[in-house]
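Per-entry structural report
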Amino acid sequence: MAGFKLDCVLFDLDGTLVDTAPDLIACLNKTLLAHGFSEAPAATVRPFISHGAMPMIKHCVSVDDSLAQRMLAFMLDSYEQNIAEHSRFFQGITDSLAAIEQLGLKWGVVTNKKSRFTVPLMDAMQLSERAACIISGDTTANSKPHPEPMLTACRQAGVAPENCVYIGDAIHDITAGKRANMKTLAALYGYLQSDDQPHTWGADALIEQPPQLMEWIHANLCH
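Residues numbered from 1 in each chain as written. Predicted model: local features only at pLDDT ≥ 70, side-chain atom pairs only at ≥ 80, totals over all residues. Heavy atoms only, no water.

**Considerations on the nonpolar core**
Let me state the cut-off plainly: Take the buried Ala, Val, Leu, Ile, Met, Phe, Trp, Tyr and Cys residues and link them wherever side-chain atoms come within 4.5 Å; each set so joined is a nonpolar core. Each residue is assigned to one of three classes by its accessible area relative to the maximum for its type, calculated with a 1.4 Å probe on protein chains only: buried under 20%, partly exposed between the two thresholds, exposed over 50%. Between two residues, a contact is recorded if the distance between any of their heavy atoms is within 4.5 Å.
In this structure, Phe11, Leu17, Met56, Trp107 and Ile217 are the most contacted members of the largest nonpolar core, which totals 55 residues. If near-sequence neighbours (up to four positions away) are discounted, tryptophan 107 is found in contact with Cys8, Val9, Phe11, Leu17, Leu97, Ile100, Glu101, Leu127, Arg130, Ala131, Ala132 and Cys133. In terms of nonpolar packing, the next biggest core, distinct from the first, is built from 15 residues, Met150, Ala157, Ala176 and Ala180 among them.

**Overview of the layout of surface pockets**
Where empty space is left can be seen by rolling a probe of water-molecule size over the atoms. Just so we agree on the cut-off: Buriedness for pockets is judged along seven lines, at least five of which must meet protein on both sides within 12 Å for an open set on the 1 Å grid over protein atoms alone, while cavities are sets there where a 1.4 Å probe fits but cannot get out, and lining residues have an atom within 4 Å of a point. Grid points are joined across faces, edges and corners, and a volume is the space filled by probe spheres set on the points. Think of it this way: any DSSP run of H or I at least four residues long counts as a helix, any run of E at least two long counts as a strand, and we number them from the N terminus. Here the nonpolar group is Ala, Val, Leu, Ile, Met, Phe, Trp, Tyr, Cys and Pro; Asp, Glu, Lys and Arg are the charged ones; every other residue, Gly included, is treated as polar.
Volume-wise, the largest pocket comes out at about 470 Å³. What lines the largest pocket is a set of 22 residues, and nearest its centre among them are Gly52, Ala53, Asn112, Lys113 and Lys114. Elements with a minimum of two residues in the lining of the largest pocket: α3 (53-60), α4 (65-81) and α8 (171-179). With four residues, α3 is the single largest residue contributor to the lining of the largest pocket. Looking at the lining of the largest pocket, its residues break down into ten nonpolar, six polar and six charged.

**Brief notes about the side chain of lysine 144**
Defined as follows: Definition of a polar contact: a pair of N or O atoms within 3.5 Å, with one able to donate and the other able to accept a hydrogen when the atoms are protein atoms, and with sequence-neighbouring residues admitted only if both atoms are side-chain atoms.
Counting through the fold element by element, lysine 144 comes out in the loop between β5 (134-135) and α7 (148-157). Within polar-contact distance, the side chain of lysine 144 engages the backbone oxygen of valine 110 at 3.1 Å. A polar contact of 2.7 Å, which involves the side chain of lysine 144, links it to the side chain of tyrosine 166.

**Focus on α4**
The α-helix advances 3.6 residues per turn, and as a result positions three or four apart in sequence lie on the same side. Quick reminder of the rule: Every helix has an expected span of 1.5 Å times one less than the residues it contains. Note: the arc covers the axis-to-C-beta directions of the helix.
End to end, α4 covers 24 Å across 17 residues, agreeing with the expected 24 Å (1.5 Å per residue, within 8%). Among the residues making up α4, those that are buried are Leu67, Ala68, Met71, Leu72, Met75, Ser78 and Tyr79. Down the axis of α4, the sector holding all buried residues measures 140°, keeping them to one side. Of the surrounding secondary structure, the elements contacted by the buried residues of α4 are α1 (21-34), α3 and α6 (115-124).

Below is the structure:
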């Protein structure tokens with residue numbers, strides 16, 4: 001790409017860098033059972049993870065706002081205490097991170113996940129010391145799809161937005177990256193909903209599996 005000099009690779013966290021679905025769904029089901037409801041099948045809840053805990057709850061049960069808020073607090077407390085029991089890297093991500101570092105590129109995380117969960121998860125996955133920036137949903141006044149978290153990540157990493165690529169699995173990820181003047185990649189292996197149409201999001205490329213990320217990076221490096 002003419003004039004594009006890749007300096008930094010930025011990742012969404014849940015559904016892109018780490019498969020957090022097993023822990024989130026376990027805490028959701030613990031919440032449902034504690035409040036007198038049946039457990040939800042993992043496959044039906046997984047697509048809602050990128051949109052937060054409340055959409056996961058509301059997909060499973062129809063309750064008033066008061067009960068929904070109590071269930072949300074219960075679920076988030078449970079999740080905080082079990083942040084990385086079953087969460088794992090998506091296959092190929094560890095190799096991709098190592099390859100990015102070998103190329104001398106920076107990498108970081110921009111997530112809408114609150115810092116009370118982001119920081120311990122990054123620590124548990126042994127990523128905190130390696131990341132050039134970690135931006136959570138409450139780091140800035142606005143969260144994705146607003147560009148503010150993306151621009152804050154660039155300042156923290158010491159890079160220009162136009163020299164970054166952002167990879168995420170939801171339309172708000174791609175929108176935020178584009179608004180910040182970054183290249184964007186849609187992670188099709190993440191938590192997509194059945195009616196999502198990632199080919200319409202305006203991403204620079206669609207990534208079906210993590211190893212394709214490195215193919216894109218190598219193809220777009222200035223040699």
